[in-house]
There are 2 protein chains.
Amino acid sequence: MTQKIGLEHLLCFEVYAASHAFNKLYKPLLEPLGLTYPQYLVMVALWGRDGQSVSEIGAALELESSTLTPLIKRMEQAGLVQRQRDAEDERRVRVSLTDRGRALEAQAAHVPVCAGQATGLEFEQIEALRQQIADLRKALLARGDSAC
Amino acid sequence: MTQKIGLEHLLCFEVYAASHAFNKLYKPLLEPLGLTYPQYLVMVALWGRDGQSVSEIGAALELESSTLTPLIKRMEQAGLVQRQRDAEDERRVRVSLTDRGRALEAQAAHVPVCAGQATGLEFEQIEALRQQIADLRKALLARGDSAC
DNA sequence: TGCGATTGAATCGTGTGCGATTTAAATTGC
DNA sequence: GCAATTTAAATCGCACACGATTCAATCGCA
């Protein structure tokens, strides 16, 4: 017979649980900044390049507009970003940082440092693991359609 | 200055995105079984040991009762499990498989095989990566409270 | 024995996530 | 130059996920 597989042997479950664990770790770090974890990722994207469109942010985060639109609207309500239609292409909505949003970058500088420490890993180990998971993610997305 | 960090260098983001990628991969595999991914995890737990309480399932999956209660109720509606108060301790709710729920195990046997193939990794590589992420998860949960 | 503390589920409110659909704007074909 | 198609956001419905709270059952201990 094929070996019965438990949760403790599923890579997918480990990734799922690790994702929740990161979320729990970030929550108290981001709460003082008034950010949720996905909102923090949007901020990281915008700190890297301001004025991206919703779909560009979606490409960077691998999220759909149906997820991002309400999320970004909440960030706009919080005064962190501004949304405006692109004059060149009225279909696009550009998201740009407010002064408050820009100022938050300095206040959030410690966040990735804290998170890195919490992993209990050295920088090189983190990077190596990150790369392995990045390769895994690419494989999953590529072979997702070719079923089995 | 401290190096500005982008999404492409954050381990947490990679895990977050990989979790979504797994979800996308599993969706078409589980759809024919009438299961969502978290529901599938509950089934795996119950196939391993039937009749667990909500909190035991929660411990295995690292989920709260506020997440599991409605999820399991949906599974009950679908006729996969049955919920009943424990006679020994009326606070506990035991979740047991129905015949249909038990029968689903055979129909789902290919799921982890398909997922394994989609990773593009050999069994030993999967297990090695799984172990690394398991260690990471434990570190994150352990150091979460000791802030920084 | 009795009662305060603890435990196990459930409930509630908020915030993701996504597939399907809709709407409006831009692009393509002919 | 205009109809058909494509593209970008937004909307809608559904299903997690969690913290805070509630409620009932059990436990602990004087």
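My aim in this report is to walk through the structure given alongside it, one point at a time. Per chain, the residues get numbers from 1 upward, laid out in the order the sequence is written. To label them, take the chains in the order written and letter them from A, then take the ligands in the order written and number them from 1. With the structure being a predicted model, the display of local features is reserved for residues of pLDDT at least 70 and the display and counting of side-chain atom pairs for 80 or more, all residues being used for whole-chain, interface and lining totals. The side-chain values count all of the structure's non-hydrogen atoms but skip hydrogen atoms and water molecules.

**Focus: the overall build of chain A**
Under the convention used in this document: Numbering goes from the N terminus for both helices and strands, where a helix is a DSSP run of H or I of at least four residues and a strand is a run of E of at least two. When a residue's accessible area, from a 1.4 Å probe over protein chains only, is under 20% of the maximum for its type it is buried; when over 50% it is exposed; and in between it is partly exposed. The contact criterion used throughout is that any non-hydrogen atoms of two residues lie within 4.5 Å. The Shrake-Rupley method, run with a 1.4 Å probe sphere, supplies the accessible areas, and residue values consider only the shown protein chains as cover.
When its secondary structure is counted, chain A shows seven helices and three strands. Secondary structure elements in chain A, listed N-terminal to C-terminal, are α-α-β-α-α-β-β-α-α-α. Oriented by its inertia axes, the alpha-carbon framework of chain A measures out at about 60 × 40 × 25 Å. For chain A, the proportion of its 148 residues judged to be buried stands at 47%. Considering only contacts within chain A whose residues lie at least 6 apart along the sequence, 49% involve residues at least 24 apart. Of the roughly 7700 Å² of accessible surface on chain A, a fraction of 51% belongs to carbon and sulfur atoms.

**Brief notes about unusual backbone geometry**
All names here are of chain A. A positive phi angle, close to 55°, is found at E62, a residue other than glycine. With respect to the helices and strands, the residue E62 is situated in the loop between α3 (54-61) and α4 (65-77). Judged by relative accessible area, E62 falls into the partly exposed class, the value being 26%.

**Observations regarding the sheet that holds strand β1 (residues 52-53) of chain B**
Within a sheet, each strand pairs with its neighbour through backbone hydrogen bonds, oriented either parallel or antiparallel. Residue and element names in this part refer to chain B. Applied cut-off: Pairing between two strands requires that DSSP report at least two bridges joining them. Whenever a helix is involved, its axis is fitted only over the stretch in contact; in every case the axis is a line through C-alpha atoms, and angles between N-to-C directions fall within 0 to 180 degrees.
Reading across the sheet, the three strands line up as β1-β3-β2 and stay open at both edges, with antiparallel pairing between neighbours. Looking along the sheet, the strands with just one partner apiece sit at the ends: β1 and β2 (81-85). In this structure, β1 lies alongside strand β3 (residues 93-97), joined through two bridges in antiparallel fashion. Bridging across to β3, Q52 finds its partner in V95. Contacts between helix α2 (residues 37-48) and the sheet are confined to β1, β2 and β3, with β3 contributing the most and set at about 85° to the helix. Of the strands in this sheet, β2 and β3 are in contact with helix α4 (residues 65-77), which crosses β2 at around 120°.

**Some remarks on the pattern of salt bridges**
What counts, and what does not: Salt bridges are counted wherever a side-chain nitrogen of Lys or Arg sits within 4 Å of a carboxyl oxygen of Asp or Glu.
Going through the model one piece at a time under the given rule, you end up with 24 salt bridges over all chains. In this structure, E62(A) engages R137(A) in a salt bridge whose closest nitrogen and oxygen atoms are separated by 2.2 Å. Of the two residues, E62(A) sits in the loop between α3 and α4 while R137(A) sits in helix α7 (residues 123-143), which places them 75 residues apart along the sequence. The partner of E127(B) in a salt bridge is R130(B), and the shortest N-O contact between them spans 2.8 Å. Placement of the pair is E127(B) and R130(B) together in helix α7 (residues 123-143), with a separation of three residues, close to one helical turn. The class for E127(B) is partly exposed, based on a relative accessible area of 25%. What makes R130(B) buried here is its relative accessible area of 6%.

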